Amino acid sequence: MAAATYESILEDLKAKKYAQVYLLQGDEPYFIDQISQYIEKNVLTDDEKVFNQTVVYGKDIDVPNLDTLAKRFPLMAKYQVVVVKEAQDIKKIEDLVYYVQKPQKSTILVLNYKYKELDKRKKLASEIEKQGVLFTSKKLYDNKIPPWTEGYVKSQGLTIDPIALKLLTDYLGNDLAKIANEVDKLAIALPKNAKITSTDIQNNVGISKDYNNFELQNAIGSGDVLKAARIVDHFSKNQKDNPLVLTITALYGYFCKLLIYNQHIRDDSKTQAAALGVSPYFLKDYSNAQKRFPIQKTIRAISLLHEYDLKSKGVGNVSTDSGALLQELVYKIMH
């Protein structure tokens, strides 16, 4: 078998088409966990798991012992499953190549090699590509998070309105496990086929629909000084739930998109939405904001965000707390 996609691996697993070796590597743990957990839960029955399913950790096992474990025959089952968590901690893992070249046909060996990738110049990776499944799990780009989230929402029998989607992804960032966990909660709390709204997000996820980074962006973009001041004051009084670093990151993303919008101001809406990586629903917000933030003012805002990001980390700032820094930052951006 060759390197595969997340979808194709799950499709084969559901069809009971198993490989002898799975290397699940890369910097996005969510997809690795989903594949590994599916194998753990579904290949063997509960009775078969007692004698034929083993989970070990890389720091607790070496290659010779793993080789011995993988070569065992199953007891009263067609397969045995061996799952190695944190396989990146196995010393001299390259020596596993000798097992991979002649794997035990009744063993399904799963290597969870998180946050790293095997050196493709060495033999182990190429042998796994020949003999089993090599999957590299990559972090999604920020503009891919909303469509991925929307797809996951649909897979749970729900839909989501654009503002609720923006709230959820802005708040949770690119942590797919957290996003999936919150959507799972919503799927339990809401009726089947329901549309998730910002009120649902507030009630079930704990994100305020009035005091959040999305609303702060809108207040700045629309020039609503009073609304921006109220949100900043709320953030200052609730810094644990609204860390400055996340607000600066959100505003930086917003002004970067606004810079792109400035460059595509004469294009049609479809081109603009594609360039920004946003739903066409939000284009009117960027259009309104562009009137207040043409290119030079947008660049100035990005420069201020960089300056205050450094100040929040103590560069050129000894005593000003996060709340006061945010107040200064938003005031300077809007004036």
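Residues numbered from 1 in each chain as written. Predicted model: local features only at pLDDT ≥ 70, side-chain atom pairs only at ≥ 80, totals over all residues. Heavy atoms only, no water.

Colleague: How would you sum up the nonpolar core? Please name residues and give values.
Modeller: In terms of nonpolar packing, the biggest core is built from 78 residues, with Y22 and F255 touching the most fellow members. Element by element, the count of residues in this core is highest for helix α13 (residues 244-263), at seven residues. Leave out the neighbours within four places in its chain, and F255 touches I220, F293, T298, A301, I302, L305 and I333. In terms of nonpolar packing, the next biggest core, distinct from the first, is built from 25 residues, V21, L69, I90 and L111 among them. (Core = buried A, V, L, I, M, F, W, Y, C linked by side-chain atoms within 4.5 Å. Buried < 20%, exposed > 50% of the residue type's maximum accessible area, 1.4 Å probe, protein only. Helix = DSSP H or I, 4+ residues; strand = E, 2+ residues; numbered from the N terminus. Contact = heavy atoms within 4.5 Å.)

Colleague: Quick one: what's the story with the sheet that holds strand β4 (residues 107-114), residue by residue and with numbers?
Modeller: Taken together, five strands build an open sheet; the order of strands is β2-β3-β4-β1-β5 and the sheet is parallel. Every other strand in the sheet has two partners, leaving β2 (53-57) and β5 (133-137) as the edge strands with one partner each. If you compare each strand with its neighbour and ignore which way they point, the axes differ by 15° on average. As judged from the five bridges shared by strand β1 (residues 21-26) and β5, these two strands associate in the parallel manner. Each bridged residue has a counterpart across the sheet, and for L24 the counterpart in β5 is F135. Contacting β2, β3 (80-85) and β4, helix α4 (residues 63-70) crosses the sheet at an angle of about 155° to β3. (Pairing = 2+ DSSP bridges. Axes fitted to C-alpha atoms, helices over the stretch in contact; angles between N-to-C directions.)

Colleague: So what's going on with the pairing of β1? Which residues, and what values?
Modeller: Most of β1 sits out of view: six of its six residues are buried. Side-chain alternation along β1 places V21, L23 and Q25 on one buried face and Y22, L24 and G26 on a second face that is also buried. Of the strand pairs in this sheet, β1 and β4 are connected by six bridges, and their pairing is parallel. Following the sheet pairing, V21 is matched in β4 by L109.

Colleague: How would you sum up unusual backbone geometry? Please name residues and give values.
Modeller: The residue E86 is not glycine, and still its phi comes out positive at about 50°. Looking at the element boundaries, E86 is found in the loop between β3 and α5 (97-101). In this structure, Y115 takes a positive phi of about 65° despite not being glycine. With respect to the helices, strands and loops of the structure, Y115 is situated in the loop between β4 and α6 (123-131).

Colleague: Explain helix α17 (residues 322-334) to me, using residue names and the numbers behind them.
Modeller: The first and last C-alpha atoms of α17 sit 18 Å apart over 13 residues, in line with the 18 Å expected at 1.5 Å per residue. Every buried residue belonging to α17 is among G323, L325, L326, L329, V330, I333 and M334, and all of these are buried. Down the axis of α17, the sector holding all buried residues measures 160°, keeping them to one side. Those residues of α17 that are buried are in contact with α11 (213-222), α12 (225-237), α13 and α16 (295-312). (Expected span 1.5 Å × (residues − 1). Arc of directions from axis to C-beta.)

Colleague: Describe the pattern of salt bridges, and please don't skip the residues or the numbers.
Modeller: Tallying each qualifying case throughout the model produces 15 salt bridges. The closest approach of N and O atoms between R121 and D119, which form a salt bridge, is 2.9 Å. K237 is paired through a salt bridge with D233; the nearest N and O atoms lie 3.1 Å apart. In this pair, K237 and D233 are both assigned in helix α12, four residues apart and thus about one turn of the helix distant. (Salt bridge = Lys/Arg side-chain N within 4 Å of Asp/Glu carboxyl O.)

Colleague: So what about empty space enclosed by the protein? Which residues, and what values?
Modeller: With the rule as written, the count across this model stands at one cavity of 30 Å³ or more. What the largest cavity holds in volume is close to 50 Å³. For the largest cavity, the full set of lining residues is K166, F214, Q217, N218, Y254, F282, D285 and Y286. The element best represented in the lining of the largest cavity is α11, accounting for three residues. Here the residues of the lining of the largest cavity sort into four nonpolar, two polar and two charged. (1 Å grid on protein atoms, 1.4 Å probe; cavity = no way out; pocket = protein on both sides within 12 Å on 5 of 7 lines; lining within 4 Å. Points joined across faces, edges and corners; volume = space filled by probe spheres on them. Nonpolar A, V, L, I, M, F, W, Y, C, P; charged D, E, K, R; others polar.)

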